[in-house]
Amino acid sequence: MIKRKDILKIAIDSPAAAGAGTLAKAISKHYNLMYLDTGKIYRYIAYLKIKHPKKFGYKFISSKINSLKIVDLSNKNLLSNEVGIEASIIAKQKKIRKLVHYFQLNFAYNPPKKYKGSCLDGRDITYNIIPDADFKFYITANIKTRALRRYKELKNLKKKISYSEVLKSIKKRDKSDLNRKISPLKKTKDSLLINTTKLNKRACFLKIKKIIDRNINKINGNL
Ligand code: C5P
């Protein structure tokens, strides 16, 4: 695999609906980084499982992942609660994680030349996918805030779901993501904790930007 040496790499891990995606997008735009929401890859596989239950198997998924394009991940169907729950179930499988691994590595270390680097968010990015990232963040918020944010997002998408259902499924996913044996969600010692419970989007962005700007000169010198 080609690894670009001159790039800035940002790794973010977070539990569901903590605001990591919104922040990562804003940071990527500001620093001209290519952004990947890695949860979308697991959601894509989960969606394929729900849509094609009879075809679902290693060969089928492997061919889909080998030809995976970023545009496939913008499918609105991937955002449903049902797909999110299924994603956290299939994400426990070693075979599935192995299939997705290379796609993420290539994205992280070899973004197209027009980008100055990459920014990935997920559950195992800081210690498994980009252990040598220039910046590592663990973004979280309290569970009720996260559930409310996700509930509002799903309502905007006209999904029929109650707040308590959303809360229940986020609790279930947290439990599974934190306790699974393979690549569990965890905050590494070298990740900076950002709690977004009481911060709006702009305040979160500025907090992270301040940390990056303070250290970026040191990093640029090493690139
Ligand atoms: O980030 P999002 O909530 O969309 O992710 C859906 C599911 O995909 C998560 O609950 C988690 O189980 C799985 N996932 C993962 N590793 C990642 C990203 C997501 O296991 N890097």
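For the structure itself, consult the block above.
To start, this report covers the structure provided alongside it. (Residues numbered from 1 in each chain as written. Predicted model: local features only at pLDDT ≥ 70, side-chain atom pairs only at ≥ 80, totals over all residues. Heavy atoms only, no water.)

For Asp-121, the position within the fold is in strand S3 (residues 117-122). Put simply, Asp-121 is tucked away with no salt bridge, and the nearest opposite charge, on Arg-123, sits 6.6 Å away. One polar contact links the side chain of Asp-121 to the main-chain amide nitrogen of Gly-21, over a distance of 3.5 Å. Polar side-chain contacts of Asp-121 include one of 2.9 Å to the side chain of Tyr-35. (Helix = DSSP H or I, 4+ residues; strand = E, 2+ residues; numbered from the N terminus. Buried < 20%, exposed > 50% of the residue type's maximum accessible area, 1.4 Å probe, protein only. Lys, Arg positive; Asp, Glu negative; His and termini not counted. Salt bridge = Lys/Arg side-chain N within 4 Å of Asp/Glu carboxyl O. Polar contact = N/O pair within 3.5 Å; in protein donor to acceptor, adjacent residues only side chain to side chain.)

Once that is clear, we can look at the sheet that holds strand S1 (residues 8-13). Here we have 5 strands laid out as an open sheet, ordered S2-S3-S1-S4-S5, and parallel in their pairing. Looking at the sheet topology across the chains shown, the edges are occupied by strand S2 (33-37) and strand S5 (192-195). Sheet twist, expressed as the average angle between the axes of neighbouring strands with direction ignored, equals 20 degrees. Two strands pair when backbone bridges link them, and S2 and S3 are joined in this way by 5 bridges, in the parallel orientation. Residue Leu-33 lies in a different strand from S3, and its bridge partner there is Gly-117. (Pairing = 2+ DSSP bridges. Axes fitted to C-alpha atoms, helices over the stretch in contact; angles between N-to-C directions.)

Moving on: the site of the ligand. Among the 14 residues in the neighbourhood of the ligand, the closest are listed as Arg-43, Arg-97, Arg-173, Asp-177 and Arg-180. Taking Arg-97, its side chain carries an N or O atom lying 2.8 Å from an oxygen atom of the ligand. Interatomic distance of 3.0 Å between a side-chain N/O atom of Arg-123 and an oxygen atom of the ligand. Contact with the protein chains hides 95% of the accessible area of the ligand, taken as 450 Å² for the molecule alone. Secondary-structure elements contributing two or more residues to the shell around the ligand are helix H2 (39-51), helix H4 (81-90) and helix H8 (163-179). Of the residues forming the shell around the ligand, the biggest block, 3 residues, is contributed by H2. Here the residues of the shell around the ligand sort into 3 nonpolar, 4 polar and 7 charged. (Near = heavy atom within 4 Å. Areas by Shrake-Rupley, 256 points an atom, 1.4 Å probe, with all protein chains shown as cover. Nonpolar A, V, L, I, M, F, W, Y, C, P; charged D, E, K, R; others polar.)

In short, shape yes, function no, at least from these values alone.
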